[in-house]
Amino acid sequence: ALCAASTLAVLRAIDRPLLRRWLLYAVLVLLLGSQHLVALLVLPAHGAAILLGATGQQRRTLRRWAIAAGLAVLALTPLVLRGHSQSAQIGTPREDSGEVVFLVTEAFSSKIAALLILWLAALGLFLARAHRSHVALLGLWAALPYAAVLPVYRVLHLAQLRYFLFALVPWF
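On a predicted model such as this, the values are computed, not experimentally measured, just so you know. (Residues numbered from 1 in each chain as written. Predicted model: local features only at pLDDT ≥ 70, side-chain atom pairs only at ≥ 80, totals over all residues. Heavy atoms only, no water.)

(A) Highlighting the pattern of salt bridges. With the rule as written, the count across this model stands at one salt bridge. For Arg 12, the salt bridge is made with Asp 15, and the minimal N-O distance between the two is 3.9 Å. You can see Arg 12 and its partner Asp 15 sitting in helix α1 (residues 2-15), three residues apart, about one turn around the helix. For Arg 12, a relative accessible area of 42% translates into the label partly exposed. Using a relative accessible area of 46% as the deciding quantity, one classes Asp 15 as partly exposed. (Salt bridge = Lys/Arg side-chain N within 4 Å of Asp/Glu carboxyl O. Helix = DSSP H or I, 4+ residues; strand = E, 2+ residues; numbered from the N terminus. Buried < 20%, exposed > 50% of the residue type's maximum accessible area, 1.4 Å probe, protein only.)

Next comes the structure, spelled out in structure tokens:
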């Protein structure tokens, strides 16, 4: 819910970049990170929505987003450090690349369903010209967390669906 709320807040802040909207966004990102650190992988999708927006004040908006998100993430640093010191508490799952492929196919129930859904998402991005940044935001929110785990799965041990349930929201 906090992931969806922070996404809605950034879209509202993009539409009308008032200070109170960016403050609300920063607070929601802080709450999101305090409840689920992996869900912060939605932040690059938020930034991409700003970059893909067709407004003339793109740099200004991107700077405001970076400040709001950066302050929230900075405030989460003690939690990250404390959590890292306790990472051995949860054990070490298997470390093979098949686990990552299983993560993606488990999220979509099958390889065929995953390919079909990704094809439909690409089609939607192509057809939704008027709202391209919003569609891209949803697509990146859905895909980026899975892509981000690929290069670091041996170090962070995140190739389990339970850590990525927040990335299923944009599909609905």
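(B) Fine view of the side chain of His 46. Mapped onto the elements, His 46 comes out in helix α3 (residues 43-52). Within polar-contact distance, the side chain of His 46 engages the side chain of Tyr 25 at 2.7 Å. Ignoring anything within four residues of it in the chain, the contact list for His 46 reads Ser 6, Thr 7, Val 10, Tyr 25, Trp 65 and Leu 137. (Polar contact = N/O pair within 3.5 Å; in protein donor to acceptor, adjacent residues only side chain to side chain. Contact = heavy atoms within 4.5 Å.)

(C) Broad picture of the environment of Leu 71. Tracing the chain through its elements places Leu 71 in helix α4 (residues 58-75). A relative accessible area of 52% means that Leu 71 is categorised as exposed.

(D) Focus on the side chain of Thr 61. Looking at where Thr 61 falls in the secondary structure, it is placed in helix α4. A residue is classified by how much of its surface remains accessible, and Thr 61, at 6% relative accessible area, is buried. Not counting chain neighbours up to four residues away, the residues in contact with Thr 61 comprise Ile 14, Trp 22 and Ile 50.

(E) Just the packing of α3 against α4, in detail. Packing of α3 against α4 leaves a shortest axis separation of 9 Å and a crossing angle of 170 degrees. By the angle between their axes, α3 is roughly antiparallel relative to α4. Between α3 and α4, the contacting residues are Leu 43, His 46, Gly 47, Ile 50, Leu 51 and Leu 52 on the first element and Gln 58, Thr 61, Leu 62, Trp 65, Ala 69 and Val 73 on the second. Split into classes, the residues belonging to the contact of α3 with α4 amount to eight nonpolar, four polar and no charged. (Axes fitted to C-alpha atoms, helices over the stretch in contact; angles between N-to-C directions. Parallel < 35°, antiparallel > 145°, perpendicular 65-115°, else oblique. Nonpolar A, V, L, I, M, F, W, Y, C, P; charged D, E, K, R; others polar.)

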